[in-house]
Protein chains: 4
Amino acid sequence: MSTTTMPMLETYPKSINLDRAKLAAAIDTLNACAQACTACADACLSEDMVAELAKCVRTNLDCADICTTTSRVLSRHTGYDANLSRSLLEACATACRSCADECARHADMHEHCRVCADACRACERACRDLLATMS
Amino acid sequence: MSTTTMPMLETYPKSINLDRAKLAAAIDTLNACAQACTACADACLSEDMVAELAKCVRTNLDCADICTTTSRVLSRHTGYDANLSRSLLEACATACRSCADECARHADMHEHCRVCADACRACERACRDLLATMS
Amino acid sequence: MSTTTMPMLETYPKSINLDRAKLAAAIDTLNACAQACTACADACLSEDMVAELAKCVRTNLDCADICTTTSRVLSRHTGYDANLSRSLLEACATACRSCADECARHADMHEHCRVCADACRACERACRDLLATMS
Amino acid sequence: MSTTTMPMLETYPKSINLDRAKLAAAIDTLNACAQACTACADACLSEDMVAELAKCVRTNLDCADICTTTSRVLSRHTGYDANLSRSLLEACATACRSCADECARHADMHEHCRVCADACRACERACRDLLATMS
């Protein structure tokens, strides 16, 4: 986990309407998932059987983009908009689940898909944990 | 509008399960909105009364990030996942409406907020038009 | 071209140290190139011969990311840093040339690579045109 | 540090032409810096004296975008292009130095600027360490 996520939350000059520990965990898990998905897409491209992994690459690319954007939105607290955070977290959990399911189908054959599937599952959980504190 | 968005859709080698004209319109409108929001955030930072525009900057930054990600996801058709597209388009329409409303509050005083509010309204409409074809 | 890029430049409240017409052209061309590269990567994934296009996908993904970031940096004028703009424009022109060259190798066989190669060439030119005004 | 960055490098199916430990360190440091810069921009927006921090916000936004893109490019190894990696790492080190310098000017008064300046310095170092192994 990043050593600066929590210090950045703690030095924010106003109040934050969310559980800071869960928020920091979500941000770090989103960033780890985005990186794993970016790397998994690229690893798939270097497999001899890339033709069977085309959908996996696409799902990885979507998940990386959505996790990066969600991490950024959650890193902002000025003018907090619970509606938007919730809606984006729902979309992100959907992306993580799709990507975890797709990677899991190739996890026996490709270690990078196994590692990435785990990162996506952890990220879906972190999104849902944070959502649970927002209702 | 970009002169390459439609040619790229037309040269995609497989079928696309969406109305190509509405899809191209959505992609171009999302990219225009992302640019307007990025520029509006920066213009707000250069106003003397930036303290009153802090929430506007934040809303612009969120909207720019979400529009860029949505444009990318809509530009991919391999292994199409209607659930994810729908969920992300909902989040994006929410972001565009929030940003349009916030910019509209400053539109009388700041031309950049007026232009940006219009771009956000157009983008919310494009997202909802595309969503309407997906149900 | 986007109908809001130039209005956003014109409503920026302070002076801009660059040729506004060349700047707007660069921003629009960068966004068009980012979209073309994102779409070309995805179209390559749907080709039967995707194994021969793996490098093309990767080059497209890099070029899309770098063009999007360069477009954002050029859309900001507050606290302008010529050094950073120049350095990023150089990296972006390098990415566009690599991607144009790679796509051009497949342009006879894949129309999406032909359209994308043209978008990358135009984008390299726009970056270099803007760089030429900055020295 | 992320627990998946190194496993993703280790499961890449082909060879990687870079020192894997330095590469993993660079990727993690880039992601931490991008998060710190995104959070610092937002914290600046919530300070009463935001008008004096406008340039800091802008520098943070640029640095976040460039670090995220550099992290993505470094996470891809298929069809490796040393020229592009070098050029982007140079731009990224420039962005990190600018942002560190700007944040350092406010570090006595704002803890978030102090934490962010440290993250940017670490990131500039990681970029230059990796560059040193590439020549």
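Coordinates for the structure precede this section.
As the structure is a computational prediction, the values presented were derived from the model and not from experiment.

1. Side note on the overall build of chain A
Broken down by element type, chain A carries five helices and zero strands. Taken from N to C terminus, the helices and strands of chain A fall in the order α-α-α-α-α. At 16 Å, chain A has a C-alpha radius of gyration in line with the 14 Å of a compact globule built from 135 residues. Its C-alpha atoms give chain A principal-axis dimensions of roughly 50 × 30 × 20 Å. In chain A, which comprises 135 residues, the share counted as buried stands at 67%. Contacts spanning at least 24 positions in sequence make up 71% of the contacts within chain A whose residues lie at least 6 apart.

2. Quick notes on the interface of chain D and chain A
Opposite the 36 residues of chain D that make contact, chain A presents 36 residues. Interface area for chain D against chain A, summed over the two sides, is near 3100 Å², with a carbon-plus-sulfur share of 58%. At the junction of chain D and chain A, the tally comes to two salt bridges. Salt-bridge contacts for Arg72(D) lead to Asp65(A); the nearest nitrogen and oxygen are separated by 2.6 Å. One can count 14 residue pairs in polar contact (both at pLDDT 80 or more) joining chain D with chain A.

3. Examining helix H2 (residues 20–45) of chain A
Residues and elements named next belong to chain A. Compared with an ideal rise of 1.5 Å per residue, which puts 26 residues at 38 Å, H2 spans 38 Å between its outermost C-alpha atoms and is within 8% of the ideal. Of all 26 residues that make up H2, 22 are buried, and the element is covered over most of its length. Its side-chain oxygen placed 3.0 Å from the backbone nitrogen of Ala21, Asp19 serves as the N-cap of H2.

4. Some remarks on the packing of helix H4 (residues 82–104) of chain A against helix H5 (residues 111–132) of chain A
Helix-helix packing: each pair is described by the crossing angle between the helix axes and the interaxial distance. Residues and elements named next belong to chain A. Interhelical geometry of H4 versus H5 gives an angle of 155 degrees and a closest axis separation of 8 Å. For the element pair H4 / H5, the angle class is roughly antiparallel. The way H4 lies across H5 gives a crossing that is left-handed. Seen from H4, the contacting residues are Arg86, Leu89, Glu90, Cys92, Ala93, Cys96, Arg97, Cys99, Ala100, Asp101, Cys103 and Ala104; seen from H5, they are Cys113, Cys116, Ala117, Cys120, Arg121, Cys123, Glu124, Cys127, Arg128, Leu130 and Leu131. For the contact of H4 with H5, the residue count by class is 16 nonpolar, no polar and seven charged.

5. Quick look at the relation of the copies chain B and chain D
Superposition record for chain B on chain D: RMSD 0.0 Å, screw rotation 180 degrees, translation along axis 0.0 Å. Between the two chains, the operation in question is that of a two-fold axis. The C-alpha atom lying nearest the rotation axis in chain B is that of Ala51(B); the distance is 3.2 Å. The fraction of interface residues of chain B whose copies in chain D are also interface residues reaches 100%, indicating that both copies meet through the same surface.

6. A word on helix H4 (residues 82–104) of chain D
Helical geometry: 3.6 residues make up each α-helical turn, so side chains three or four residues apart lie on a common side. Between its terminal C-alpha atoms H4(D) stretches 32 Å, which fits the 33 Å expected from 23 residues at 1.5 Å a residue. Backbone nitrogen of Asn83(D) and a side-chain oxygen of the N-cap are separated by 3.2 Å at the start of H4(D); the cap is Asp81(D).

7. Structural notes on the relation of the copies chain D and chain A
Rotating chain D by 180 degrees and moving it 0.0 Å along the rotation axis overlays it on chain A with an RMSD of 0.0 Å. Of the residues that chain D buries at the interface, 100% are likewise interface residues in chain A, meaning the two copies contact each other through the same surface.

8. A few points about the interface of chain B and chain D
Where interface size is given, it is often the accessible area lost as the parts come together that is meant. Taken residue by residue, the interface counts nine residues in chain B and nine residues in chain D. Carbon and sulfur atoms make up 76% of the area that chain B and chain D hide from each other, which totals about 730 Å². Summed over the three residues of chain B that lose the most area to chain D, namely Leu45(B), Val50(B) and Leu61(B), the buried surface amounts to 52% of that side. Applying the counting criterion to the chain B and chain D interface returns zero salt bridges. Along the contact surface separating chain B from chain D lie zero residue pairs in polar contact (both at pLDDT 80 or more). Only helix H2 (20–45) and helix H3 (54–74) of chain B provide two or more residues apiece to the side of chain B that touches chain D. The greatest single-element share of the side of chain B that touches chain D, amounting to five residues, is contributed by H3(B). Looking at the side of chain B that touches chain D residue by residue, the class counts come to six nonpolar, no polar and three charged.

9. Focus on the pattern of salt bridges
All names here are of chain B. Here the structure, examined in full by the defined rule, presents 48 salt bridges over all chains. Between Arg121 and Asp101 there is a salt bridge, with the nearest N and O atoms lying 3.2 Å from each other. Of this pair, Arg121 sits in helix H5 (residues 111–132) while Asp101 sits in helix H4 (residues 82–104), and the two are 20 residues apart along the sequence. Of the residues examined, Arg121 reaches a relative accessible area of 32% and is grouped as partly exposed.

10. What to know about the environment of Ala54(C)
Inspection of the secondary structure assignment puts Ala54(C) in helix H3 (residues 54–74). Judged by relative accessible area, Ala54(C) falls into the buried class, the value being 7%. Taking the C-alpha atoms as reference points, Ala54(C) and Thr70(C), separated by 16 residues in sequence, lie 25 Å from one another. If we ignore the near neighbours within four places in the chain, the residues touching Ala54(C) are Leu45(A) and Thr78(D).

11. Details of the state of the cysteines
Residues and elements named next belong to chain A. According to the stated counting rule, one finds zero disulfides over all chains in the structure shown. Here Cys120 stays free of any disulfide, with the sulfur of Cys37 as its closest cysteine sulfur at 3.7 Å. By relative accessible area, which is 0% here, Cys120 ends up buried.

12. Quick look at the side chain of Thr78(A)
Mapped onto the fold, Thr78(A) is located in the loop between helix H3 (54–74) and H4. By relative accessible area, Thr78(A) is classed as buried at 6%. The contact partners of Thr78(A), leaving out residues within four places of it in the chain, are Tyr12(A), Ala54(B), Lys55(B), Arg58(B), Asp42(D), Leu45(D) and Ser46(D).

13. Details of the side chain of Thr11(A)
Checked against the element boundaries, Thr11(A) lands in the loop between helix H1 (5–10) and H2. Classification of Thr11(A) by relative accessible area gives buried; the value is 17%. Setting aside residues up to four positions removed in sequence, Thr11(A) forms contacts with Glu111(D) and His112(D).

Calculation criteria
Residues numbered from 1 in each chain as written. Chains lettered and ligands numbered in written order. Predicted model: local features only at pLDDT ≥ 70, side-chain atom pairs only at ≥ 80, totals over all residues. Heavy atoms only, no water. Helix = DSSP H or I, 4+ residues; strand = E, 2+ residues; numbered from the N terminus. Rg over C-alpha atoms; globule rule 2.2 N^0.38 Å. Buried < 20%, exposed > 50% of the residue type's maximum accessible area, 1.4 Å probe, protein only. Contact = heavy atoms within 4.5 Å. Buried area = accessible area lost by both parts, 1.4 Å probe. Salt bridge = Lys/Arg side-chain N within 4 Å of Asp/Glu carboxyl O. Polar contact = N/O pair within 3.5 Å; in protein donor to acceptor, adjacent residues only side chain to side chain. Expected span 1.5 Å × (residues − 1). Axes fitted to C-alpha atoms, helices over the stretch in contact; angles between N-to-C directions. Parallel < 35°, antiparallel > 145°, perpendicular 65-115°, else oblique. Left-handed = near helix turned anticlockwise from the far one by under 90°. Nonpolar A, V, L, I, M, F, W, Y, C, P; charged D, E, K, R; others polar. Least-squares fit on C-alpha atoms with pLDDT ≥ 70 in both. Disulfide = S-S within 2.5 Å.

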